[in-house]
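Now for the letters of each chain:
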Amino acid sequence: MSNNRRLTYATIAIIAVVIIATAAVILWFKPSNDVNSTSIKPSVSDNETNESVTAELAAGQVVKATTTPSQSQFVTGLENLPRSLKGTQIDGEIIIDENKQLVVTEGLRRLFDYFLSALGEEEEAVIFARVESYIRHHTPEPAASQAVNIFNQYVAYLKALPEIEKRYGNLQLQATKSGELDLNAVAQQKQDIANLRQQYFDKQTITAFFGAEDDYDNYSIEMVRIDQNKQMSDVQKQAARQDYISRLPENATKANIMQQANISKLMTRTEQMKARGATPEELYNMRRELVGAPAAERLAQVDQEDANFDQRFTQYETQKSRLLSQGVDAAQVQIQIDQLEQQLFDDTERKRLDGYAALQRQQAVNNP
């Protein structure tokens, strides 16, 4: 299962709109654990949460894991996994301290999401039993009971989120259609979500589960706010973005944001340098400065592959035009063109030919 954006279910609605406005990529970051803590499940992989979980949960009532009648069918919680989880690595972790007390981390939330992603394949009661069995099998007391209680709270929280989404969904849709995001509505929605979290979790759990997400949400919204400011020039907007990033605390969120900023800058500068005929060495040096030597080397390899493909494509277009101009039987010409494609391109590249030819034609129109 992949990683890319793991957001709370209500915040997904916010950031979906932010993405439209800013083309930002929302990522999740795993916080570092206390060096004195013990990981019960050290093997961690990224996992994409099933976005239908909230709707599925909202259809029923909270079922307490400690009273689930089907718990007896599990020992480790990993028996008879549903199809979507078979062959996957457990995502998340359970951390305890030297006194066997639970240390709440974002990894605990990812563990919950991992099992909840099977909702729809398995009944809610089965998932509750599976999660409790997994926790109790891998975790000593009192941490085990603490983790089970937080799981119950987390599910109750997920079930309450759709009401907030209903209140703000249409406002966001209208704002998007008008071309700008209603930041006041977004701010109020975030406040409602914050209030909801306080009903279910203590401050420590809120920070662990949602802290990195909130940092990135705030960044994304601020970028939209700057972009929608009609009183600022492009230069002023760029300066405001850099100033905001510079004032962020030094953590994984800031590191990822800066990396994304570097990627954006990398794309812009690459286009500019290629347009003025920069040498491969100049491109490599610029890329190494922005994204490091390993990435610069990979990009240089991509450049070589692209140049090789362009050369073969030019050869293909030239010979294809010559074949079409001969005025012979069309079926025979097509056979020869097919043979030419097989000689010059592999199966994957042949699938790109029509699209690449259309792109070349469009570029020729835009840059006569």
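For the structure itself, consult the block above.
**What to know about the overall build of the chain**
For the chain, the count of helices and strands is 13 helices and three strands. Counting contacts in the chain only where the partners sit at least 6 residues apart, residues at least 24 apart contribute 74% of the total. Summed over its atoms, the accessible surface of the chain is roughly 20200 Å², and 49% of this surface lies on carbon and sulfur atoms.

**Concerning the packing of helix α6 (residues 183-200) against helix α7 (residues 203-227)**
Look at α6 against α7: their axes get within 12 Å of each other, and the N-to-C directions meet at 175°. By the criterion of interaxial angle, the relationship of α6 to α7 is roughly antiparallel. Mapping the contact onto sequence places L183, V186, K190, R197 and Q198 in α6 and I206, F210, E213, D214, D217, N218, I221, V224 and R225 in α7. The residue inventory of the contact of α6 with α7, partitioned by class, reads six nonpolar, two polar and six charged.

**Section: the layout of surface pockets**
Counted as a void, the second largest pocket has a volume near 280 Å³. If you go around the second largest pocket, the residues you meet are K274, V302, D303, D306, A307, F309, D310, R352 and Y356. Of all elements in the fold, only α11 (293-324) and α13 (347-366) reach the threshold of two or more residues within the lining of the second largest pocket. Ranked by residue count, the leading element in the lining of the second largest pocket is α11, at six residues. A breakdown of the residues in the lining of the second largest pocket according to their chemical character gives four nonpolar, no polar and five charged.

**A word on helix α4 (residues 124-138)**
In this model, α4 (15 residues) spans 21 Å end to end at C-alpha, consistent with the 21 Å of a helix rising 1.5 Å per residue. Burial runs high along α4: eleven of the 15 residues are buried. Restricting attention to buried positions, one finds in α4 the residues E124, V126, I127, F128, A129, R130, V131, E132, S133, Y134 and I135.

**Points about the side chain of E93**
With respect to the secondary-structure elements, E93 resides in the loop between α2 (53-58) and β2 (95-96). When its relative accessible area of 3% is taken as the criterion, E93 is described as buried. In this structure the side chain of E93 is engaged in a polar contact, spanning 3.3 Å, whose partner is the side chain of T105.

**Details of the pattern of salt bridges**
With the rule as written, the count across this model stands at 20 salt bridges. K159 is paired through a salt bridge with E124; the nearest N and O atoms lie 3.0 Å apart. One end of the pair, K159, is in helix α5 (residues 143-177); the other, E124, is in helix α4, with 35 residues separating them in the sequence. Per residue, the accessibility class of K159 equals that of E124, and both read buried. Note that D217 is salt-bridged to K190, the shortest N-O span being 3.8 Å. With D217 in helix α7 and K190 in helix α6, this residue pair connects regions lying 27 residues apart in the sequence.

**Regarding helix α12 (residues 330-344)**
For an α-helix the count is 3.6 residues per turn, leaving residues at separations of three or four pointing the same way. The first and last C-alpha atoms of α12 sit 21 Å apart over 15 residues, in line with the 21 Å expected at 1.5 Å per residue. Looking at α12, one finds that the buried residues are V333, I337, L340, E341 and L344. End-on, the buried residues of α12 take up no more than an arc of 100°, which puts them together on one face. Away from its buried face, by an angle of more than 90 degrees, α12 presents the exposed residues Q342 and Q343.

Parameters and conventions
- Residues numbered from 1 in each chain as written.
- Predicted model: local features only at pLDDT ≥ 70, side-chain atom pairs only at ≥ 80, totals over all residues.
- Heavy atoms only, no water.
- Helix = DSSP H or I, 4+ residues; strand = E, 2+ residues; numbered from the N terminus.
- Contact = heavy atoms within 4.5 Å.
- Areas by Shrake-Rupley, 256 points an atom, 1.4 Å probe, with all protein chains shown as cover.
- Axes fitted to C-alpha atoms, helices over the stretch in contact; angles between N-to-C directions.
- Parallel < 35°, antiparallel > 145°, perpendicular 65-115°, else oblique.
- Nonpolar A, V, L, I, M, F, W, Y, C, P; charged D, E, K, R; others polar.
- 1 Å grid on protein atoms, 1.4 Å probe; cavity = no way out; pocket = protein on both sides within 12 Å on 5 of 7 lines; lining within 4 Å.
- Points joined across faces, edges and corners; volume = space filled by probe spheres on them.
- Expected span 1.5 Å × (residues − 1).
- Buried < 20%, exposed > 50% of the residue type's maximum accessible area, 1.4 Å probe, protein only.
- Polar contact = N/O pair within 3.5 Å; in protein donor to acceptor, adjacent residues only side chain to side chain.
- Salt bridge = Lys/Arg side-chain N within 4 Å of Asp/Glu carboxyl O.
- Arc of directions from axis to C-beta.

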